[in-house]
Amino acid sequence: MNDSERTYFMNVVELTLPTINKFSSAYLSQKESILPFFTYNPFSVDTYSQRNELLKNRSFRRRELVAHLQEFNQRYHADAQTLHSIEKLNDRQSVVVISGQQAGLMTGPIYTISKIISTIKLAQEQELKLGIPVVPIFWIAGEDHDFQEINHVNLPKDNEIQKHVFQMKEAGKKMVSELQYDKEKLRAWLLEIINSYGESPYTKELTLELEHAMEVSTTFVDMFASLITKLFKGTGLVLVNAADPSLRKLETPYLQQILMEHGQIRNGMLHSQKELEEQGFKPMLEIDSESMNIFFHENGERELLCWDEAKQIAYIKGSGRQFTLEQLNKLIEEQPENFSNNVVTRPLMQEFLFPTLAFIGGPGEISYWAELGRCFRSVDLEMPPVVPRISLTLLERHIDRTLVELDEDISDVVENGLEEKRKAWLYKQELESLEETLMKYHEQYAKVHDQFREVGNSTLPHHRKTFEKNWDLIDKQFTYIHRLIERSAYEKHENMMSKYERAELAVLPKGMPQERVWNIYYFLNKYGLDFVQRLCELPLEHNGKHKIIKL
């Protein structure tokens, strides 16, 4: 496919939409009262130059970091562009744009893909503007142990969302990077999903790619890294796995610093949460009041370290295990691979390791990063610019045609859906006159029954509840008849109803953004395995606007 065909293939339309939560919407609109929770305003013209000046005064373990990233990315057959990106980090002027996510099966929801695209686009944009090397980094949260978050792919079925789960009873509290899967079981699971997409000119190649990634991998993180490397070939994207033992060695002094300042980190977060609550924002992070925000790995599982202030001792709940700070400090020195960060300290570790020009976050991440400003300062760091990831909706041509036929505008549909419009259409076409008649009969019956109850209550007062129950039964019958009429009207206009439902399921499934529900492999199966690379070539700006990508 040549460049002119690719340009014609996709068209980008920008919309101003609220995000899925109140805080991130306020952040996008640059509400003055919440900006002090962040160090930088990502929409200010001089943000990145100011941040770059600060990074010039910091030192990083660049040589060791480059060696680790080269070894890690070569495991997944990284191309020349990625290896060149890694090499750039040897340049003391180089900086990174970073984002991260759990290692979802088949890469997880589309927002993982849009987050990586955002990272690549901002790195390219700022490399041109600042005239320095800017490397896109994607942080795989391989230390995460919540397998339920990543163990499924959503599929459409009968105008509903069906969660297709890969069951793994032995997951427990094990890190995802240590979970090894049954290859035959996973292959069968993958084929069920691919088959649900239907046969296309790309299905065979797509199946081979997925099966190959599965065969050459042993863990879910390995498979995720293999797939992402392939999907973003040619973009210069660099991957890092937070749970990699050799990365832990690099992190040793930073883990020790986080350990020694655990009290300030926790108190700083609690202080910020209180301030946010005073502004009417509910805290996103639910952290134990005694949490040290570091996990200790024991018997293959992650256990949260807690702190007993009175006894000045660290402990693991329910296990009886206790440690002094000196003991933990020594363990980190000797066995750094047995420790990992949680949601609070992960951003601090990223900031210690990388010269971070900007962090790319989704709505939820933006909300909880607002709680972390004092955490950064407690370890003498500065929070980087927090940049909202590009949000997007992939609009297929047949769905676009359906919306035109329904006389509905895509901007309204991605914000409000079609359920109310569908009901309004059916009401106007079929139910309006019938409902008026039913309502009139209902009111008449209610009046008669009121009179009936008055007589009954005067003659049989001890049966008052019986008469009330009788009316409840009659009222339920009216409701039942109403539903029968609605169902009949729906079936009479089933073709039109299915158009509304099909269009909504595609772009705003059950009221949720498309990128939070569907998986990118549906689109790869339909439009080719280079689909993601073509998305990366589109003119997608970080301007806070939602992108409708017409296919």
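Residues numbered from 1 in each chain as written. Predicted model: local features only at pLDDT ≥ 70, side-chain atom pairs only at ≥ 80, totals over all residues. Heavy atoms only, no water.

(A) Highlighting empty space enclosed by the protein. Counted according to the given criterion, the structure contains 3 cavities of 30 Å³ or more. Looking at the largest cavity, its volume works out to about 80 Å³. Lining the largest cavity, in full, are Asn-73, Ala-78, Asp-79, Thr-82, Ile-228, Thr-229, Phe-232, Lys-233, Gly-234, Thr-235, Leu-237 and Leu-239. Grouping the amino acids of the lining of the largest cavity by side-chain chemistry returns 5 nonpolar, 5 polar and 2 charged. (1 Å grid on protein atoms, 1.4 Å probe; cavity = no way out; pocket = protein on both sides within 12 Å on 5 of 7 lines; lining within 4 Å. Points joined across faces, edges and corners; volume = space filled by probe spheres on them. Nonpolar A, V, L, I, M, F, W, Y, C, P; charged D, E, K, R; others polar.)

(B) Main features of the environment of Lys-550. As for its position among the elements, Lys-550 is in strand 15 (residues 546–550). Taking the C-alpha atoms as reference points, Lys-550 and Met-175, 375 residues apart in sequence, are found 38 Å from one another. (Helix = DSSP H or I, 4+ residues; strand = E, 2+ residues; numbered from the N terminus.)

(C) Main features of the packing of aromatic side chains. By the definition in use, this model includes 18 aromatic pairs. Where Tyr-197 meets Tyr-522, the ring centres are 5.8 Å apart and the plane angle is 75°; that geometry is what we call edge-to-face. Taken together, the residues Tyr-197 in helix 7 (residues 183–197) and Tyr-522 in helix 22 (residues 521–527) connect sequence positions 325 residues apart. Exposure remark for Tyr-522: the relative accessible area of 24% places this residue in the partly exposed category. Centroid distance Phe-296 to Phe-339: 5.2 Å. Interplanar angle 55°. Geometry classified as tilted. (Phe/Tyr/Trp six-rings, centres within 6.5 Å; stacked < 30°, edge-to-face > 60°. Buried < 20%, exposed > 50% of the residue type's maximum accessible area, 1.4 Å probe, protein only.)

(D) Quick peek at the layout of surface pockets. The volume enclosed by the largest pocket comes to roughly 1,200 Å³. With 5 residues, helix 14 (residues 363–369) is the single largest residue contributor to the lining of the largest pocket. Around the second largest pocket, the lining comprises 40 residues; the ones closest to its centre are Thr-19, Leu-28, Arg-389, Ser-391 and Gly-544. When residues of the lining of the second largest pocket are assigned to their parent elements, the largest contribution, 4 residues, is made by helix 6 (residues 110–130). Considering only residue class, the lining of the second largest pocket consists of 18 nonpolar, 14 polar and 8 charged.

(E) Representation of the sheet that holds strand 11 (residues 339–341) in the model. Taken in spatial order, the 5 strands line up as 10-9-8-7-11 in an open sheet, and their pairing is antiparallel. In this open sheet, the two edge strands, each paired with only one partner strand, are strand 10 (322–323) and strand 11. Relative to strand 9 (residues 313–316), strand 8 (residues 301–308) runs antiparallel, the two sharing 4 bridges. Counterpart to Cys-306 in the pairing with strand 9 is Tyr-315. Against the sheet, helix 10 (residues 245–260) makes contact with strand 7 (291–298) and strand 11, and its axis sits at roughly 70° relative to strand 11, the strand it touches most. (Pairing = 2+ DSSP bridges. Contact = heavy atoms within 4.5 Å. Axes fitted to C-alpha atoms, helices over the stretch in contact; angles between N-to-C directions.)

(F) Expanded view of the pairing of strand 3 (residues 134–140). Counted residue by residue, strand 3 has 7 buried out of 7 residues, so it is predominantly covered. Side chains Val-134, Pro-136, Phe-138 and Ile-140 project from strand 3 onto one buried face, and the interleaved Val-135, Ile-137 and Trp-139 project onto a second face that is buried too. One ladder, built from 7 bridges, connects strand 2 (residues 95–101) with strand 3; its direction is parallel. The residue bridging Val-97 from the neighbouring strand is Pro-136, located in strand 3. Considered for its hand, the β-α-β crossover made up of strand 2, helix 6 and strand 3 is right-handed. By the bridge criterion, 4 bridges tie strand 3 to strand 6 (residues 238–241) in an arrangement that is parallel. (Right-handed = clockwise from strand over helix to strand, strands pointing away.)

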